[in-house]
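The chain contents come next:
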Amino acid sequence: MKSKTSKAKAITKKGGLKAADSLKTNAKKVKKARKVRNKVGLVGFIKNRAARKPMTREEKLWLEIVLGIIAAVYIGFSVFFHFHFLPRTNINGVDVSMDSVEEAKEKMVALTGQYELTVKGVEGTSDETISGKNLNLQFTQFDEVSDSLKRQHELLWPFISWVKKKDKINLNVTYDEQALEEAMDRVGILDPERFKPVEDAYVATDETGHYTIYPEKLGSEIRVDDAKDAIRKAVGKGYDEVELEQYRIYPTIYSDDPGLKHREEQWNEYMKSEGLTYVLWNKDEMIFTCGVLGSLLIDNGQDISLNEEAVEELVLSWHMNYDTYDVPWEFTTHYGDTVTVEPGDYGWRMYVDNTTDSVKSNLYGHDAGRYEVEYYYKGLYDYNQGLGDTYVEVSIGQQMMWIYNGGECVVETPVVTGRATEDRMTHPGCWAVKYKDQSVTLGTYEVNGYESYVNYWICFNGGEGIHDATWRSDFGGDIWIASGSHGCVNTPIEVMPIVYDNVFEDHAVVIYN
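Residues numbered from 1 in each chain as written. Predicted model: local features only at pLDDT ≥ 70, side-chain atom pairs only at ≥ 80, totals over all residues. Heavy atoms only, no water.

Novice: Please give an account of the overall build of the protein chain that cites residues and values.
Specialist: Within the protein chain, the regular secondary structure consists of 14 helices and 27 strands. Here the C-alpha atoms of the protein chain give a radius of gyration of 57 Å, more than 25% beyond the 24 Å that 2.2 N^0.38 yields for 513 residues. Seen through its principal axes, the protein chain has C-alpha atoms that stretch 200 × 85 × 40 Å. Looking at the protein chain as a whole, 39% of its 513 residues are labelled buried. Between the mean site of the 56 positive side-chain charges and the mean site of the 81 negative ones, the protein chain shows a separation of 47 Å. (Helix = DSSP H or I, 4+ residues; strand = E, 2+ residues; numbered from the N terminus. Rg over C-alpha atoms; globule rule 2.2 N^0.38 Å. Buried < 20%, exposed > 50% of the residue type's maximum accessible area, 1.4 Å probe, protein only. Lys, Arg positive; Asp, Glu negative; His and termini not counted. Charge placed at Lys NZ, Arg CZ, Asp CG, Glu CD.)

Pasting the structure below:
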């Protein structure tokens, strides 16, 4: 059995070992902590800075090394790009990325046989190319290649190396001029016959007769001579493309042009008179349609104005087409033939001047009202050229007279008209009955060289009239040529009572040859 002293020593020894083990463990932890704290790297550097720990000597040394490497790389590439082109660099269509000036020149010479000039068409047309194969291209000068290198800002290489860079330089290329002219003639987008024409915006009537603005059309026209000059220059400098858009011909007037809007508004103000109506004697109305209104307006390219002469001509046409007084007009005879009746003193005749002034005033006022035409002379009826269905018809050629009353022919008789001489002829025309009377002596020996008693007298056209002629036994035929009256219509006594009862004052007597 061990002694107490031995036991105590054993316990002391065991405690000492435990203490030693504890110190050893702590020392390892401290050493490990120091290693972690002193570890240098980007992550550790960032964490230590985030924790606001003071920078250690090792970290400072690490930072200096890193910055030195970055500076060396930056300077090295800056020096390299002082003599070489930056990445993604293109000169006249040739890729010279990372090339020296000499290498870039060699590439351009090597590509001479593969040269193509792209002719970029205007919007709406396709691009076309001109091949250099038959143009006998020869580069004669490359000085600007070096200048292009000098312009590239090599110190900014970290920031601009990822950006595409296109440069155009003058290479002074010689070429076969005739071959180039022939090549340009084959480029369709340079052919004027294929151009879609350019059109200015304009204002014109639409399907309703109102003014509307029609927009411009761009087309595909270009300044051909200028475009060809640009192509010659491009080939001569070794460029890889020419844009025709800069030689495009554009409209000179666009739909937002104030002048177009002004004219549109003016025209359509006049269109407010659409429906303006003038009531004529034989028509219910004369409506001013958009077509008629348009014919009365003048567009001088700046303003819309009323064409007063056209208004005057329009009203005059109403007079010529519808008036029967003092104008010739067409008449359907008893036998259905159509003859032209000479002017007389019966019928409808408007106040042309008054009507013209009224039309002008209403058009200027943009009025669309309804107005009755004023008449200087008026017929009795509003149909059958104003004759109605009650009138007298006399044919000089046939020496016949017909009396119509209410559309019924109540008298048909041969007559004798004025002798066929200038001073005794019965004058053709449409005449109004002035009055009628019975038991009348016509003429005097002192004035006329004759005196004739008649039972019935119907006066028209001054001294001419219809009357019985008891001194005649025959009527009709050719009597009138040599033995006609002094201008009156001699009528058999037996029919004169019926004639007298069916002919009225102011009614028409139509006389034709």
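Novice: Account for the pairing of strand S22 (residues 408–414), with residues named and values stated.
Specialist: Where strand S21 (residues 400–405) meets S22, six bridges bridge the pair, whose relative direction is antiparallel. Note that in S22 the partner of Trp402 across the bridge is Glu412. Where S21 folds back on S22, the antiparallel hairpin that results is connected by two residues, among which Gly406 adopts a positive phi of roughly 65°. (Pairing = 2+ DSSP bridges.)

Novice: I'd like a rundown of the environment of Phe80, residues and numbers included.
Specialist: Tracing the chain through its elements places Phe80 in helix H3 (residues 57–83). Phe80 gets classed as partly exposed once you look at its relative accessible area, which sits at 30%. For the pair Phe80 and Glu154, spaced 74 residues apart in sequence, the C-alpha separation works out to 8.5 Å.

Novice: For a positive patch on the surface, give the residues involved together with the corresponding values.
Specialist: Taken together, the side chains of Arg88, Lys164, Lys166 and Lys168 present a region of like positive charge at the surface. One can find Lys168 in the loop between strand S6 (165–167) and strand S7 (173–174). Judged by its relative accessible area of 41%, Lys168 falls in the partly exposed class. (Patch = residues over 30% accessible without salt bridge, like charges linked within 9 Å, V, L, I, M, F, W, Y side chains within 5 Å. Areas by Shrake-Rupley, 256 points an atom, 1.4 Å probe, with all protein chains shown as cover. Salt bridge = Lys/Arg side-chain N within 4 Å of Asp/Glu carboxyl O.)

Novice: Kindly report on the side chain of Glu464, identifying the contributing residues and their values.
Specialist: Relative to the helices and strands, Glu464 is located in the loop between strand S24 (452–460) and strand S25 (465–468). Apart from residues lying up to four places away in sequence, Glu464 is in contact with Met425, Thr426, His427, Trp457, Ile458, Cys459, Gly487 and Cys488. (Contact = heavy atoms within 4.5 Å.)

Novice: Before we move on, could you go through the packing of aromatic side chains and cite the residues and values that matter?
Specialist: All chains considered together, the criterion is met by 23 aromatic pairs. Measuring from ring centre to ring centre gives 6.0 Å for Tyr74 and Trp157, while their planes differ by 25°; the resulting arrangement is stacked. Taken together, the positions of Tyr74 in helix H3 and Trp157 in helix H6 (residues 157–160) put the pair 83 residues apart, joining distant regions of the chain. By relative accessible area, which is 31% here, Tyr74 ends up partly exposed. Counting every residue linked through ring pairs, the aromatic cluster contains Tyr74, Phe77, Phe80, Phe81 and Trp157. (Phe/Tyr/Trp six-rings, centres within 6.5 Å; stacked < 30°, edge-to-face > 60°.)

Novice: Talk me through the sheet that holds strand S23 (residues 429–442); I want residue IDs and the actual numbers.
Specialist: One open sheet accounts for eight strands, arranged S22-S21-S20-S27-S23-S24-S25-S26; its pairing is mixed. Two strands bound the open sheet, and with one partner strand each, they are S22 and strand S26 (489–491). Averaged over all pairs of adjacent strands, the angle between strand axes in this sheet comes to 30°, irrespective of strand direction. Here S24 pairs with S25 via three bridges, running antiparallel. Bridge pairing in S25 links Trp457 to His467. (Axes fitted to C-alpha atoms, helices over the stretch in contact; angles between N-to-C directions.)

Novice: A description of the pairing of strand S9 (residues 211–214) should follow, citing residues and the corresponding values.
Specialist: Of the two faces of S9, only the one carrying Tyr211 and Ile213 is buried; Thr212 and Tyr214 on the other face are not. In this sheet, S9 lies alongside strand S8 (residues 202–205) in antiparallel orientation, the contact comprising four bridges. Residue pairing across strands places Tyr202 opposite Tyr214, the latter belonging to S9. Following S8, the chain reverses through five residues before pairing antiparallel with S9; Gly209 in that reversal takes a positive phi of roughly 90°.

Novice: So what about helix H12 (residues 352–364)? Which residues, and what values?
Specialist: Over its 13 residues, H12 runs 18 Å from end to end, which matches the ideal 18 Å to within 8%, given 1.5 Å per residue. For H12, the complete set of buried residues consists of Val352, Thr355, Thr356, Val359, Lys360, Asn362 and Leu363. Two residues or fewer after H12 comes His366, characterised by a positive phi angle close to 55°. (Expected span 1.5 Å × (residues − 1).)

Novice: Account for the side chain of Glu154, naming residues and giving values.
Specialist: Structurally, Glu154 is set in the loop between helix H5 (143–150) and H6. For Glu154, which is buried and forms no salt bridge, the nearest opposite charge comes from Lys150, at a distance of 11 Å. Polar contacts involving the side chain of Glu154 include one to the side chain of His82, which spans 3.1 Å. When residues no more than four places from it in sequence are discounted, the contact partners of Glu154 are Ser78, Phe81 and His82. (Polar contact = N/O pair within 3.5 Å; in protein donor to acceptor, adjacent residues only side chain to side chain.)

Novice: Go over the sheet that holds strand S4 (residues 128–131), please, and point to the residues and values.
Specialist: In spatial order, the strands read S4-S3-S10; together these three strands make up an open sheet with mixed pairing. If you trace the sheet from one side to the other, it starts and ends with S4 and strand S10 (241–243), each paired once. Between one strand axis and the next, the sheet turns through 20° on average, direction left out of account. Sheet topology note: the strand S3 (residues 116–120)/S10 ladder contains three bridges and is parallel. Across the sheet, Lys120 pairs through a bridge with Glu243, a residue of S10. Those strands touched by helix H8 (residues 224–237) are S3, S4 and S10, and its axis lies near 150° from that of S3.

None of this, on its own, says anything about what the molecule does.
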